[in-house]
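Each chain, letter by letter, is given below.
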Amino acid sequence: MGGEGSMSTKMRDIIARSWNDHTVFIAVCFILYLFRLLIAVISGHHGSDITDHLIGAHGLLEGKLLYVDADFYYPPLHAYFQAFLLKTFGDTILVAKLPAIIGDAALTWGLYHVGKRSSEVVGRQMALAYLLLPLSVLTSDVLGLFDSVAIFLMILGAYYFLYDSLVASSVFIGFGAMYKFFPLLAAIPILAFLGVRKAWKSAFVYGVILLGTCVAIIAPYLYFDVQATLQDLVFTGSKYPDSFSIYNALPLESTTLPLALQAVLLIAAYLIIKKYGLFADCTFESIALFVALFVMLNKNIYPHYFLWVFPFFAYWFISNEELVKLTLLMIVDTVLLSLFWLNYGELVNSNILLPLTFQALNWAAIVYIIYRQRQKVQLSLQPVKSEVTG
């Protein structure tokens, strides 16, 4: 028994060196990244949304305009980035996945720097947690989905806002929104915070630069065909509740009712959490929380959407030294979400227990975090007892 205990202690010490020793941390990150690159090379092509974006990129290389010459229902930046890589490095499966692979490196760096706001160890653990996250390997390296790029741009926008650089923050959020719309979610708590502080000028400048960045990127398409651009980019028909969405468990044969429910529940949940003094200031946690709540309440939750929830869970659990709980949560989530890819959603949509299990698990984690935060707030409000001598 003593030998087993000694072996376990040595193993923990070896693992801990990956974030306590700077040289070992860099080496481990490099090895993990190379391993993920190898997976991207040998895993081949598996379809998914990457096909639509490759069609858009090829269209750009042929001189066509997105939205105008073809039906394209996504923001334009990824198609441009993909077209540039295809033109530069050739039309191969690896190049098709290259934006996601580059995004992984950028997001790892971004998570490290956000975590460093708490401590150096938290930053290193967040970076390692992402590189080791099985769901991110499946999403980026196997399927080639590029959420990592958009998440990186969103995190960069939040990071610069927390360092009082409004212009840089709004520009990066704008670029992120033109890569995928989700980064716009981060702007909502930011603008709300500026409004509460009555920093109306700052809020106006932030909003104008954010909107201006988005408009500037899609301006050519608006010039050639406003109707086609807005129709494909903004007013595309919505889907019914799908995949791991909580609304998939309800008899809602509607595309608009879930959106209304989502808006009401999102605002209510966020305001209740803020009312009790939890995540009261505009911190990375409060911004990431809003994004996480939106995704969990969304009417469509596909496996790669959960990567947008990961920064919140990772930052909270790691900064509160509960790495084991984060590890178990991410493993179970990855197993559940990966079932979607067995037959592209048929199993998930036909089995109500899967979305219910996923929702129950992650809402339990959110409630647990809120409970722990409430405890911390209550402890901070207790009067400090002083010892009376003499």
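If you're wondering where the values come from, they're calculated on a predicted model, not measured in any experiment.

### Here we look at the overall build of the chain
Each helix and strand counted, the chain has 18 helices and two strands in total. Within the span of the chain, comprising 390 residues, buried residues form 49% of the whole. When contacts within the chain are restricted to residue pairs at least 6 apart in sequence, those whose partners lie at least 24 apart make up 70%. For the chain, the accessible surface area stands at approximately 19100 Å², while carbon and sulfur atoms represent 68% of it.

### Section: the side chain of H304
Tracing the chain through its elements places H304 in the loop between β2 (300-301) and α15 (310-319). Look at H304 and you get buried, because its relative accessible area is 5%. Discounting residues that sit within four places of it in the chain, H304 has contacts with D49, T139, L145, D147, K180 and W341.

### Some details on the confidence of the model for the chain
The predicted model of the chain has a mean per-residue pLDDT of 85, with 87% of residues at 70 or higher. Here residues 386-390 is modelled with pLDDT under 50, and outside its nearest four sequence neighbours on either side it reaches zero contacts, counting other chains as well.

### Some thoughts on the packing of helix α8 (residues 147-162) against helix α14 (residues 284-296)
Relative orientation of the contacting elements α8 and α14 amounts to 145°, with a least axis distance of 10 Å. Two packed elements cross with a definite hand, and for α8 against α14 that hand is right-handed. The residues of α14 that touch α8, namely those facing M154, I155, A158 and L162, are F284, I287 and V291. For the contact of α8 with α14, a count of residues per class yields seven nonpolar, no polar and no charged.

### Some words on the environment of M296
Looking at where M296 falls in the secondary structure, it is placed in helix α14. Residue class for M296 comes out buried when judged on its relative accessible area of 0%. Remark: the alpha-carbon pair of M296 and L266, spanning 30 residues in sequence, is separated by 9.3 Å. Those residues within four positions of M296 in sequence are excluded, and the remaining contacts are I301, V309, F358, Q359, N362, W363 and I366.

### A look at unusual backbone geometry
Look at D164: it is not a glycine, yet its phi comes out positive at around 65°. Checked against the element boundaries, D164 lands in the loop between α8 and α9 (166-177). For D164, a relative accessible area of 70% gives the class exposed. Even without being glycine, K198 reaches a positive phi, approximately 60°. Among the structural elements, K198 can be located in the loop between α10 (184-196) and α11 (200-224).

Scoring rules and cut-offs
Residues numbered from 1 in each chain as written. Predicted model: local features only at pLDDT ≥ 70, side-chain atom pairs only at ≥ 80, totals over all residues. Heavy atoms only, no water. Helix = DSSP H or I, 4+ residues; strand = E, 2+ residues; numbered from the N terminus. Buried < 20%, exposed > 50% of the residue type's maximum accessible area, 1.4 Å probe, protein only. Contact = heavy atoms within 4.5 Å. Areas by Shrake-Rupley, 256 points an atom, 1.4 Å probe, with all protein chains shown as cover. pLDDT = per-residue confidence, 0-100. Axes fitted to C-alpha atoms, helices over the stretch in contact; angles between N-to-C directions. Left-handed = near helix turned anticlockwise from the far one by under 90°. Nonpolar A, V, L, I, M, F, W, Y, C, P; charged D, E, K, R; others polar.

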